[in-house]
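So you can see what is in the structure, the chains are spelled out below.
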Amino acid sequence: MKHLLSINDVSPAQIQEIFETAADMHDVQKREVKKLPALRGRTVINMFFEDSTRTRSSFEIAGKWLSADVINISAKGSSASKGESLRDTVLTVCAMGVDGLVIRHPASGAAQQVSEWVDAVVINAGDGMHEHPTQALLDAYTLQRRLGTLEGKHVAIIGDLTHSRVFRSNVLCLTKLGAHVTVVAPPTLMPSGIGPWSKEAGFATSYDIDDVLPDADAVMMLRVQKERMSGGYFPSAREYTVGYGLTRDRLRLLKPDAPICHPGPMNRGLEIAADAADAAQSAVLEQVSSGLAVRMAVLYHLLAGEES
Amino acid sequence: MALIITGASVLGEKTQDLYVDDAGRFVAEAPTGAETVDASGLVALPGLVDLHTHLREPGREDAETILTGSRAAAMGGFTAVLAMANTSPVTDTAEAALRVFDLGREAGLVDVQPVGAVTKGLAGEELAELGLMARSRARVRVFSDDGKCVHDARVMRRALEYVKAFGGVVSQHAQDPTLAGPAACCHEGEISGRLGLPGWPGIAEEVIVARDVMLARHTGSRVHVAHVSTAGSVEVLRWAKAQGIDVTAEVTPHHLILTTDLLEGYDPTYKVNPPLRPAEDVEALRVALADGTIDAVATDHAPHARHDKEHAFVDAAFGMLGLETALAVVRTALPDLAWADVARVMSTNPARIAGLSDHGSLDVGTPAHLVLVDPAASVVVDRADSVSLSRNNPWHGRSLTSRVVHTVYGGRFTVRDGLLP
């Protein structure tokens, strides 16, 4: 793989290689001096066309601990509105001599388009509603550490599927690693065509969270944006929580050792109750530290191996 | 100069000489002092008429001008094009229409017939000065807010009623904005779901087509549906025609071949409105064109400057080039369609819908607008070869059947041996 644009770019074996490297990187995090020389002399640009705190800082720290020169560029607002084409924007940045371009963009497909225009290695840090491959890798890594393996495990993904790049990458990644996936959402937040898609890709769909939770080996809650209400996707936050939230009562339906994941930022009280977010089985903070290790591993595989 | 065109198969049927006099009209007998043109092996059709062209002038002369668009039209075998109103400023006054009309006559390669906006500024609220545009020297007969739907039912009703006074027609861009908003850019279905692109469901078109045929019935008016793209719209049209409702419809060349799956690479070349649809819709459109449910092929030629396409998919401009390739695309999509039917859907019917009585036939006494086509040619399209100012050509690299050899406009060659003079 030259770029990481989609989980489709990586094979199950490559995913396990990334996880092995990530485990080593995890150990680095525990050291007093958290620095490896692997990417010394390499330049990584974090180009974020959309607000992000955790993903951007995770990539920044990951790059720095690998000794890369990391530069953050915030290019919020579409380049279209500024009169510059996206192609011109990224070519300008890459003309400065960039090895890796980590890109976050509000438009689906942007990372793929950019990869066709530039010579640098492109890592998709989230493109619109399409994919967020490093999030899926860190989620799978977290779950694999907790559960030993994903093979044969049942993972429930619950929330706003329509607008979620986390869902799209995760369903690809988890099924690739042998997990059974059930996605749960109200019909209005299920992507169009999910019927044939799920059949072909081998995952299940449900409108009933209570039916799915008791059998789940892990549960992944997705953020629900409040502005979806004005879009008419559901009537109220209260009704959403009653229908699809991981409430305190529903926590009891869950196996006691089933990890609870959330990509953040959490809407406590909406899709996830505080009791669930802070439960012993919650993996939310572990996801963050795993994220760093996985992003170090991804940068390492894509950028350090280049010369050899 | 008078012409004697020999050896051409007229409408793909019998071989017959065609005579054009000094005044540029078809005549019954060979004129004296005429130039003889050997058209053996070629098919003669009346000059093509495009109901739906974006020439971008005034406003975006970097993407296309009336002159360059006229060149592209001539290369495609067209002798008349209807220039859509969504320019800057919008063609919503007689003065604006006249300017387009006159620039077209100045270019002198095709009849450039302005389409008037239905509503002021394409805002969908107040009627534009339809009657003044109709009564002007430009004789505007087709009105459209194309690019936007006349979505308010009351406004659409009034427009349909009002244009009856001067034999006008409203060409509707059928897109319910509450079901397919401005961001909608991918046929809503499995592919939009997977790609995470905002869906543009077929139903957003179909509800407007259904509403508008009922409005046409209620008002006793004529309505035209632009760029029909779904099997559902075809069903509604078929029903409406069976009821005797006065409705006509067009399909674009690209909707006769290209399908939604082309969006999988997020290449904005394939971003168009309405979006490319699945193969089932493409098949239904082909059948409807062949059986007359859809009356005409119209290009929706939509040139864009390169930088307006080099954005993320959802931010890139809608539209693709079409004039130069339209005839070959229709031939490729429907190889069994008789040439007489090609003439019907690309010349006679569009001329009738637009009220262009000088176009659409090879009859003696009418202006000599014709196209001579090599039916056997196979051409691989190269976007660099286009005479348009723009390069957003979805046919690049594809092989298409048939080639325009000569275009004659009012007795004068506008394209000869595949080249502009």
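How each quantity is defined
Residues numbered from 1 in each chain as written. Chains lettered and ligands numbered in written order. Predicted model: local features only at pLDDT ≥ 70, side-chain atom pairs only at ≥ 80, totals over all residues. Helix = DSSP H or I, 4+ residues; strand = E, 2+ residues; numbered from the N terminus. Rg over C-alpha atoms; globule rule 2.2 N^0.38 Å. Buried ≥ 20, exposed ≤ 12 C-beta atoms within 10 Å, placed from the backbone. Contact = placed C-beta atoms within 7 Å. Expected span 1.5 Å × (residues − 1). Arc of directions from axis to C-beta. Pairing = 2+ DSSP bridges. Axes fitted to C-alpha atoms, helices over the stretch in contact; angles between N-to-C directions. Core = buried A, V, L, I, M, F, W, Y, C linked by C-beta atoms within 7 Å. Domains from an automatic or database assignment. Parallel < 35°, antiparallel > 145°, perpendicular 65-115°, else oblique. Left-handed = near helix turned anticlockwise from the far one by under 90°. Nonpolar A, V, L, I, M, F, W, Y, C, P; charged D, E, K, R; others polar. pLDDT = per-residue confidence, 0-100. Right-handed = clockwise from strand over helix to strand, strands pointing away.

**Digging into the overall build of chain B**
The helix and strand tally for chain B stands at 11 helices and 19 strands. In terms of C-alpha radius of gyration, chain B reaches 20 Å, essentially the compact-globule figure of 22 Å for 421 residues. Seen along its three principal axes, the alpha-carbon backbone of chain B occupies a region of about 65 × 45 × 45 Å. Residues classed as buried in chain B amount to 60% of the 421 residues present. For chain B, contacts bridging at least 24 residues in sequence account for 76% of all contacts bridging at least 6.

**Remarks on helix α1 (residues 12-30) of chain A**
Residue and element names in this part refer to chain A. Spanning 19 residues, α1 covers 28 Å between terminal C-alpha atoms, matching the ideal 27 Å at 1.5 Å per step. For α1, every residue scored as buried is listed here: Ile15, Ile18, Phe19, Ala22 and Met25. Summarising the axial view, the buried residues of α1 lie within an arc of 125°, below the 170-degree limit, and thus occupy one face. Residues Ala13, Glu20 and Asp27 are exposed on α1 and point more than 90 degrees away from its buried face. Buried residues belonging to α1 abut α6 (133-147), α7 (165-176) and α13 (284-304).

**A look at the sheet that holds strand β10 (residues 142-143) of chain B**
Residue and element names in this part refer to chain B. Pairing within the open sheet is parallel, and its five strands lie in the order β10-β11-β14-β15-β16. Only two strands of the sheet have a single neighbouring strand rather than two, namely β10 and β16 (296-297). Here strand β14 (residues 223-225) pairs with strand β15 (residues 247-251) via three bridges, running parallel. From the neighbouring strand, valine 223 faces β15, where its bridge partner is valine 247.

**Notes on the sheet that holds strand β6 (residues 43-46) of chain B**
Residues and elements named next belong to chain B. Strand order across the open sheet formed by five strands is β2-β6-β17-β18-β19, with mixed pairing between neighbours. The open sheet has two edge strands with one neighbour each: β2 (9-10) and β19 (412-415). Alignment of β6 against strand β17 (residues 370-380), held across four bridges, turns out to be antiparallel. What sits directly across from proline 46, in β17, is leucine 370. Lying over the sheet, helix α10 (residues 326-333) contacts β17 and β18 (399-409), oriented at roughly 140° with respect to β18.

**Overview of the nonpolar core**
Core analysis: the largest hydrophobic core is formed by 236 residues, its most contacted members being Val219 of chain A together with Ala44 of chain B. Element by element, the count of residues in this core is highest for α13 of chain A, at 11 residues. Of the residues that make up this core, three or more belong to each of domain 1 (7-131 + 288-304) and domain 2 (133-277) of chain A. Apart from residues lying up to four places away in sequence, alanine 44 of chain B is in contact with Ala8, Ser9, Val10, Leu18, Ala39, Leu362, Leu370 and Leu372 of chain B.

**Things to note about the environment of threonine 92 of chain A**
Mapped onto the secondary structure, threonine 92 of chain A falls in helix α4 (residues 86-94). The sequence separation of threonine 92 of chain A and valine 118 of chain A amounts to 26 residues, and the corresponding C-alpha distance is 10.0 Å.

**Structural notes on the packing of α1 of chain A against α13 of chain A**
Two quantities define a packed helix pair, namely the angle between the helix axes and the distance between the axes. Residues and elements named next belong to chain A. Put simply, α1 and α13 touch, their axes get as near as 8 Å, and they point 120° apart. In terms of orientation, α1 lies oblique with respect to α13. Crossing hand, α1 versus α13: right-handed. Each of Ile18, Thr21, Ala22, Met25, His26 and Gln29 in α1 lies in contact with α13, whose residues at this interface are Ser289, Leu292, Ala293, Val294, Met296, Ala297, Val298, Tyr300 and His301. Tallied by class, residues from the contact of α1 with α13 come to 10 nonpolar, five polar and no charged.

**With respect to the pairing of β6 of chain B**
Residues and elements named next belong to chain B. By the alternation rule, side chains of β6 split into Val43 and Leu45 and Ala44 and Pro46, which are all buried. Strand direction decides the pairing type here: β2 and β6, joined by two bridges, are parallel. Considered in β6, the bridge of valine 10 is made with alanine 44.

**Some words on the interface of chain A and chain B**
The interface of chain A with chain B comprises 24 residues on the first partner and 18 residues on the second. Those elements that place two or more of their residues in the side of chain A that touches chain B are α3 (79-82), α4, α5 (110-117), α7 and α8 (194-201) of chain A.

**Observations concerning the packing of α4 of chain A against α5 of chain A**
Residue and element names in this part refer to chain A. At a minimum axis separation of 10 Å, α4 and α5 run at an interaxial angle of 60°. The orientation of α4 with respect to α5, classified from their angle, is oblique. Of the two elements, α4 crosses α5, and the hand of that crossing is right-handed. The segment α4 lies against α5, with Leu86, Arg87, Val90 and Leu91 engaging Ala110, Gln113, Val114 and Trp117. Looking at side-chain class alone, the contact of α4 with α5 contains six nonpolar, one polar and one charged residues.

**What to know about the domain arrangement of chain A**
All names here are of chain A. On domain assignment, one finds that chain A holds domain 1 (7-131 + 288-304) and domain 2 (133-277). If you average the C-alpha positions of domain 1 and of domain 2, the two centres end up 25 Å apart. Counting from both sides, the interface comprises 21 residues of domain 1 and, opposite them, 18 residues of domain 2. The set of elements that each furnish at least two residues to the side of domain 1 that touches domain 2 consists of α1, β4 (121-127) and α13. Of the residues contributing to the side of domain 1 that touches domain 2, the split by class is 10 nonpolar, seven polar and four charged.

**Quick look at the confidence of the model for chain B**
Per-residue confidence for chain B gives a mean pLDDT of 98, with 100% of residues at or over 70. Our summary of model confidence lists the complex with pTM equal to 0.95 and ipTM equal to 0.93.

**Considering the environment of methionine 133 of chain B**
Residues and elements named next belong to chain B. Relative to the helices and strands, methionine 133 is located in helix α3 (residues 130-135). Along the sequence, methionine 133 and phenylalanine 143 sit 10 residues apart, while their C-alpha atoms lie 9.6 Å from each other. Apart from the residues within four sequence positions on either side, methionine 133 is in contact with Ala94, Ala97, Gly116, Ala138 and Val140.

**Observations regarding the pairing of β15 of chain B**
Looking down a regular strand, the side chains alternate between one sheet face and the other. Residues and elements named next belong to chain B. β15 sits mainly inside the fold: five of its five residues count as buried. Burial of β15 is two-sided: the residues Val247, Ala249 and Val251 facing one way and the residues Thr248 and Glu250 facing the other way are all buried. One crossover worth recording links β14 to the parallel β15 by way of helix α7 (residues 231-242), and it is right-handed. With two bridges connecting them, β15 and β16 associate as parallel partners. Bridge assignment links glutamate 250 to a residue of β16, and that residue is alanine 296.

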